[in-house]
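Here is how the chains run, residue by residue.
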Amino acid sequence: MIEGRNDVAMMLCIAAAAVAFDRGRGLWADFFLGLAVAIKTLLLPALPFLLLAQKGDRVRRSALLLGPLLVTCLPFLVRDAGAFLDDVLLAPAGLGTHPFEIRGWGGYGFANLVLALGLVSSPKAWFPFSVFQAAAYGAVFWKGVRVLRDRPDWSRSLLWGVAGVFVVLYFGRFIHDNYIGALLSTAAIALAVSETNPGADNTPVQT
């Protein structure tokens, strides 16, 4: 928990979402995915793909996907907005009072190249990782939207969401080994739903 390796909680919610979707409970699936996002905000880049999964009330679905995160964050934001934004938004970007270090643990990620080439003065220095993240995510999003427009499906959208999250992490300041394990597990769940529910494209969404 101290190192943020609470992936089992996130994976439980994703598995629950898969079961809900497989039973035709689309809104429950969105709610459980919203809980997963609240537990690990690294899943946020997957949300645009998930909103393309099925036709329906996207306002209500967006509320279910983002609601748990807003509910859990709001008390801290109200209590001390400056400290909250510094810790949640600025630090991971290499800014603020206590910027996250650029880490190359295990040889993963683009950050290793930045460190190896000496492009930063120290591991705590700022580097425009966001430019590379935006470019990579934009390419994945462009391709994913084209695929999902032709064949909207929950499991397929989850796979594209995994791809979106991966490139954002890969081109960020750090990517931990447990992130890779969690994304592979999520992809396996998405494929399992696809195999057990081959007619998912035409499955009605129920509350």
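Everything discussed here concerns the structure shown above.
This structure is a prediction, so every number in the text was calculated from the model and none was measured.

Novice: Which residues make up the environment of Val193, and what values go with them?
Specialist: Looking at the element boundaries, Val193 is found in helix H9 (residues 177–196). Between the alpha carbons of Val193 and Ala18 there is a distance of 6.5 Å; along the sequence they are 175 residues apart. With near-sequence residues (within four places) excluded, Val193 lies in contact with Ala18, Phe21, Trp154 and Ser155.

Novice: Give me the lowdown on the packing of helix H7 (residues 129–150) against helix H8 (residues 154–170), citing residues and values where you can.
Specialist: Two elements in contact, H7 and H8, have axes whose closest approach is 8 Å; the angle formed by their N-to-C orientations is 170 degrees. Regarding the angle of H7 to H8, the classification is roughly antiparallel. Residues Gln133, Ala136, Tyr137, Val140, Lys143, Gly144, Val147 and Leu148 of H7 touch H8, and the partners they reach there are Arg156, Ser157, Trp160, Ala163, Gly164, Val167 and Val168. When its residues are assigned to classes, the contact of H7 with H8 shows nine nonpolar, four polar and two charged.

Novice: Talk me through helix H1 (residues 7–22); I want residue IDs and the actual numbers.
Specialist: Over its 16 residues, H1 extends 22 Å from the first C-alpha to the last, a length consistent with the 22 Å expected when each residue adds 1.5 Å. Within the sequence span of H1, burial applies to Asp7, Met10, Met11, Cys13, Ile14, Ala17, Ala18, Ala20 and Phe21. Gly24 occupies a position one or two residues after H1 and carries a positive phi of about 80 degrees.

Reading guide: rules and limits
- Residues numbered from 1 in each chain as written.
- Predicted model: local features only at pLDDT ≥ 70, side-chain atom pairs only at ≥ 80, totals over all residues.
- Heavy atoms only, no water.
- Helix = DSSP H or I, 4+ residues; strand = E, 2+ residues; numbered from the N terminus.
- Contact = heavy atoms within 4.5 Å.
- Axes fitted to C-alpha atoms, helices over the stretch in contact; angles between N-to-C directions.
- Parallel < 35°, antiparallel > 145°, perpendicular 65-115°, else oblique.
- Nonpolar A, V, L, I, M, F, W, Y, C, P; charged D, E, K, R; others polar.
- Expected span 1.5 Å × (residues − 1).
- Buried < 20%, exposed > 50% of the residue type's maximum accessible area, 1.4 Å probe, protein only.

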